[in-house]
Amino acid sequence: MKNKRTDESNTLSNTGIESNALAQNEKEANHYAARGLRTCALIGATAWFLDIINIFIVPAEIMNFAMPLVIFFFLLPTLICKITGAEQWWVKYALIFSCILAIFVLSSAMSKHGVLTWTLPLMLSCHYYSPKLTKMTLVLSWIFFLPSLYIALFFGEWDQNLLNAGYYSGERIVTSQNVYETTLYFVFTRIFMLLGISVICTTLSKRTRIIFKRQIADSEEHQRISTELDVATQIQADMLPSIFPAFPDRPEFDIYATMNPAKEVGGDFYDFFMLDNKHLAIVMADVSGKGVPAALFMVIGKTLIKDHTKSKSDLGDVFTEVNNILCESNSAGLFITAFEGVLNLVTGEFRFVNAGHEMPFIAKGGGVYEPYKINHGFVLAGMEGMKYTGGSMQLAPGDKIFQYTDGVTEATNAAQELYGMDRLSEILAKNTALKPTELLTAVKADIDAFVGDAPQFDDITMLCLEYLKAMSQ
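Since the model is a prediction, treat every value here as computed from it, not as a measurement. Per chain, residue numbering runs from 1 following the sequence as it is written. Whole-chain, interface and lining totals are the exception, using all residues; otherwise, since this is a predicted model, local features are given only for residues with pLDDT of at least 70 and side-chain atom pairs are given and counted only at 80 or more. Values reported for side chains reflect all heavy atoms of the structure, with hydrogen atoms and water molecules removed beforehand.

**Regarding unusual backbone geometry**
Right, on to step 1. Cis peptide bonds are those with omega within 30 degrees of zero, and the linkage from F244 to P245 qualifies with 0 degrees.
Right, on to step 2. Tracing the sequence through the fold places P245 in the loop between α8 (176-239) and β1 (253-260).
Right, on to step 3. A positive phi is found at N54, a non-glycine position, where the angle reads about 65 degrees.
Right, on to step 4. Inspection of the secondary structure puts N54 in the loop between α1 (2-52) and α2 (60-84).
Right, on to step 5. A 1.4 Å probe rolled over the protein chains alone gives each residue an accessible area, and that area as a share of the maximum for its type sets the label: buried under 20%, exposed over 50%, partly exposed in between. Residue classification places N54 among the exposed residues on the basis of a relative accessible area of 63%.
Right, on to step 6. Positive phi outside glycine occurs at Q416, with the angle close to 65 degrees. For helices the rule is a DSSP run of H or I covering at least 4 residues; for strands it is a run of E covering at least 2, with both sets numbered from the N terminus onward.

This is the structure we're talking about:
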């Protein structure tokens, strides 16, 4: 029942969005139609002027009577749009009807010059993506088109084709034969011509309306996905430690970390947590791929590593067990490069394990940051049954560890140049004395300056740990 109500709610929502979009399109179409008819009014005024100076040879009494009416009806839609704001439902009908009246006067006065203009109302109707409006326009055009040709026989410009006589030679005589030939060769042919054009216009309106609705649906779906990704981004951010200083009551160390995803959600992750009162664990990892699949795999990997890490655990065994679990359900073929370390706050011993991740930088004894070469190991979730071996190093108060993902060294500028290890080593060496928070800010600023306006292709994640003092026993 709940799903049914949800579907009904979504249907109503989509219907409302479609109605609003079509109403907005109708308003825009009214303005476009009015603009097009203003152009027609300008063309009519130009033709009238050219007739006055004898470039066109239409009888003055016909032109002087018909053209003011034609121009008025062509300009009437602009006046209607200005008064109403082009928002009322009836405006489109008024615009189409004004256009038909203008063409009716033009065709009655100058039939041989006005025949093609009967296509204009049909063309205008296509702006509204409404097959019904196009069909209605065709019927109205027929209703006004038929009498216009017969009126032209008696009162309009003498048409040699209609009357089969010399151009303005002699007295105008309309015979029953003229009427018959007009009906047979002009009325029927133009009725069929308008019918053919209306079929094309109706099809165009229908297909355009379908595409328009499809675009609305796609836009709604895109908005829904975007909203969900925003929520996912926040959820992912909440999963990572983000409150700093992280342990304000612990004077033994200082730690800071950042992650800048390339997409709404990323595959990189960092973590740090106390295993007990004397042991601090840090994790830096990078899931292959990007976006939602990588982010979901990241959640699994992060949870498994944290759950299996204990203060007395052999970190090699931790990664061995996590790797086997990840391999059991990895149909997408993703893998994780990961580095984990555990610092003994009493002795300064730093135990670590590496699964295909970047080598860390270590600053010891007040010296500059230098890359610390360790066994890379194989990636997690790459192959079941892999055995991982941990290592250890001794840290003294004042020593620092900088760890990162390959999004740092592989940041690319517009010239397709990589940021690289050399630039990273240089910026770290220049800022060795900075605290972790200041150091990561300086490195990110240097990366941004190098990359410039080029798009970010990979997540950029960094972590810095400073061992300040040994914890008393």
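**Topic: the pairing of strand β2 (residues 268-274)**
Consecutive side chains along a regular strand alternate between the two faces of the sheet.
Right, on to step 1. Of all seven residues in β2, six are buried, a share of seventy percent or more.
Right, on to step 2. If DSSP finds at least two bridges between two strands, the strands pair. Inspection of the sheet shows β2 paired to strand β3 (residues 279-287) by seven bridges, in the antiparallel sense. Among the inter-strand pairings, F273 is bridged to a residue of β3, identified as A281.
Right, on to step 3. Hairpin connection between β2 and β3: a loop of four residues separates the two successive antiparallel strands.

**Observations concerning the packing of aromatic side chains**
Right, on to step 1. Under the pairing criterion, centres of Phe, Tyr and Trp rings, with the six-membered ring standing for Trp, must be within 6.5 Å; the plane angle then separates stacked pairs below 30 degrees from edge-to-face pairs above 60, leaving the rest tilted. In total, this model carries 19 aromatic pairs according to the counting rule given.
Right, on to step 2. Measuring from centroid to centroid gives 5.8 Å for F97 and F144, while their planes differ by 75 degrees, and the two rings are edge-to-face. Of this pair, F97 sits in helix α3 (residues 91-109) while F144 sits in helix α6 (residues 131-154), placing them 47 residues apart in sequence.
Right, on to step 3. Overall, the relative accessible area of 34% leaves F97 in the partly exposed class.
Right, on to step 4. The exposure class of F144 is buried, given its relative accessible area of 18%.

**With respect to the layout of surface pockets**
Right, on to step 1. A pocket, in this scheme, is an open set of points on a 1 Å grid over the protein atoms alone with protein on both sides within 12 Å along at least 5 of 7 lines, while a cavity is a set where a 1.4 Å probe fits but cannot get out; residues line either one if an atom lies within 4 Å of a point. Grid points are joined across faces, edges and corners, and a volume is the space filled by probe spheres set on the points. Approximately 320 Å³ is the volume attributed to the largest pocket.
Right, on to step 2. I43, G44, A47, L106 and T117 are the residues nearest the centre of the largest pocket, which is lined by 16 residues in total.
Right, on to step 3. Looking at the lining of the largest pocket, the elements that each hand over two or more residues are α1, α2 and α3.

**Here's the deal with the packing of helix α9 (residues 291-308) against helix α10 (residues 315-328)**
Right, on to step 1. Relative orientation of the contacting elements α9 and α10 amounts to 145 degrees, with a least axis distance of 10 Å. Judged by the twist between their axes, the crossing of α9 over α10 is right-handed. Each of F297, I300, G301, L304, I305 and H308 in α9 lies in contact with α10, whose residues at this interface are V318, F319, E321, V322, I325 and L326.
Right, on to step 2. In the contact of α9 with α10, the residues fall into nine nonpolar, two polar and one charged. With axes taken as lines fitted to C-alpha atoms, and helix axes fitted only over the stretch in contact, angles between N-to-C directions fall between 0 and 180 degrees. When the near helix sits turned anticlockwise from the far one by under a right angle, the crossing is termed left-handed; a clockwise turn instead gives a right-handed crossing. Any two residues whose heavy atoms approach within 4.5 Å at even a single point are treated as in contact. Residues are grouped as follows: Ala, Val, Leu, Ile, Met, Phe, Trp, Tyr, Cys and Pro are nonpolar; Asp, Glu, Lys and Arg are charged; every other residue, Gly included, is polar.

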